[in-house]
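Next come the chains, spelled out residue by residue.
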Amino acid sequence: MDLSHTEEEQDFRARLRAWLAKVLPELPARPSPDDWPGRRAYDLGWQRRLYDAGYAGLHWPLDAGGRGATPTQHLIFLEETERAGAPYVGANFVGLLHAGPTIAAEGTAGQRARWLPPVLRGEEVWCQGFSEPGAGSDLAALRTRAVRDGDAYVVTGSKIWTSHAEVADWCELLVRTDPAAPKHKGISWLAMPMDAPGVTVRPLRTLAGSAEFAEVFLDEVRVPVANRVGAENDGWRVTMVTLSFERGTAFVGEVVACRRTLGALARAARANGRWDDPVLRRRLGRLYGEFGALWRLTQWNVSEAQGSGGVPGIGGSVFKLAYSHARQELYDAAAEVLGAGALSLEEEWTAERLSSLSYTIAAGTSQIQRNIVAERILGLPKGR
């Protein structure tokens, strides 16, 4: 892993920093957290600005419409946009961070041409239809059925925890196309239009009071066979590609955000006298070291993905496991620094604290990540 900055990369940072300084003051006010149509428009508007400026899909391969940037340029982009307080991917995180990259890696030329440009231009939003009410952490136990009928699949079943389904145009959907096969076989990965007849979306309200998740019910929804990414019944392998992106590189911008949050907590502790507590100082110092190590691991994962054709390796599970717990402890420390009075439901700190609780579940539970690390990295035998 080469982390030195070339003259070209230094110039890239300077140009990006100048562009951010110019464009960020021109952005409209952020919509209310409960205004999902408004948030969709805001997030896609920012994506369009990135596209017009040549920063959309920065690290995507050239044949997928990206710029084929180096790992270092990708990391510079994340550092500078986060430090400047620029919007993140928002409502289109599925399309930009794992559905799009999966299609870029596994899709046909026609599929890449159809689905990737609208994602990069900020025209279409994707959601993820993986989890099911009866499957829990065992994703391969999914029961949503897809029966072949000519040039279409007829899909029946339900999904849960489907992020931004109420404002999505497309869904990356896992279905069972061969119910007689072993559970890790007989699965296919489909791109389903969310406006298809038979799709019903019911938003779910979270502990924080927001409704970015939904249940999705599928009643004989017809999905063209042409929308299948990968071969029929090969969806589990394609899903592993998706999860590699979701766990390996999708959280990289958030590590920068957490490091910035940690700095804000240290300043707040100095201002309110909590810095005099040596136990708190040690806790913040240890978190500083943990997020520093996570950033190095991020650099390693991004570099590895670049060297392997764009798909992250299983080291993403190490990152996901460590990051989930470090983020939770960060917001535990925020409560200690700021005190109960500063953590009302109207405060952003509180929303982030409540959100942090989901990270040990989202994108694969910590128990699943430990199994992956044990079996695929350490070579331990599978549990019974």
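Residues numbered from 1 in each chain as written. Predicted model: local features only at pLDDT ≥ 70, side-chain atom pairs only at ≥ 80, totals over all residues. Heavy atoms only, no water.

Enquirer: Explain the packing of aromatic side chains here, please?
Expert: Aromatic rings in a pair are described by how distant their centres are and how their planes are angled relative to each other. The tally for this structure, following the rule as stated, stands at eight aromatic pairs. Pairing Trp126 with Trp170 gives two aromatic rings, centres 5.9 Å apart and planes at 25°, and the pair type is stacked. Remark: Trp170 occurs in strand S4 (residues 170–176) and Trp126 occurs in strand S1 (residues 126–129); sequence separation between them is 44 residues. With relative accessibility at 1%, the residue Trp126 sits in the buried group. The class of Trp170 is buried, set by a relative accessible area of 11%. One Lys or Arg, Arg202, reaches over the ring of Phe217 and ends 4.6 Å from the middle of that ring. (Phe/Tyr/Trp six-rings, centres within 6.5 Å; stacked < 30°, edge-to-face > 60°. Helix = DSSP H or I, 4+ residues; strand = E, 2+ residues; numbered from the N terminus. Buried < 20%, exposed > 50% of the residue type's maximum accessible area, 1.4 Å probe, protein only. Lys NZ or Arg CZ within 6 Å of the ring centre and 35° of its normal.)

Enquirer: Please clarify how helix H2 (residues 36–53) should be interpreted in this entry.
Expert: Working note: α-helix, 3.6 residues per turn, so residues spaced by three or four point in the same direction. Across its 18 residues, H2 extends 26 Å between first and last C-alpha, which sits within 8% of the 26 Å expected from 1.5 Å per residue. Buried residues of H2: Trp36, Arg40, Tyr42, Asp43, Leu44, Trp46, Gln47 and Leu50, and no others. Looking at the buried residues of H2, the elements they touch are helix H1 (7–23), helix H3 (71–83), helix H4 (93–106) and helix H5 (109–121). Sitting at the head of H2, Asp35 places a side-chain oxygen 2.9 Å from the backbone nitrogen of Gly38. Phi turns positive one or two residues past the end of H2, at Gly54, with a value near 90°. (Expected span 1.5 Å × (residues − 1). Contact = heavy atoms within 4.5 Å. Polar contact = N/O pair within 3.5 Å; in protein donor to acceptor, adjacent residues only side chain to side chain.)

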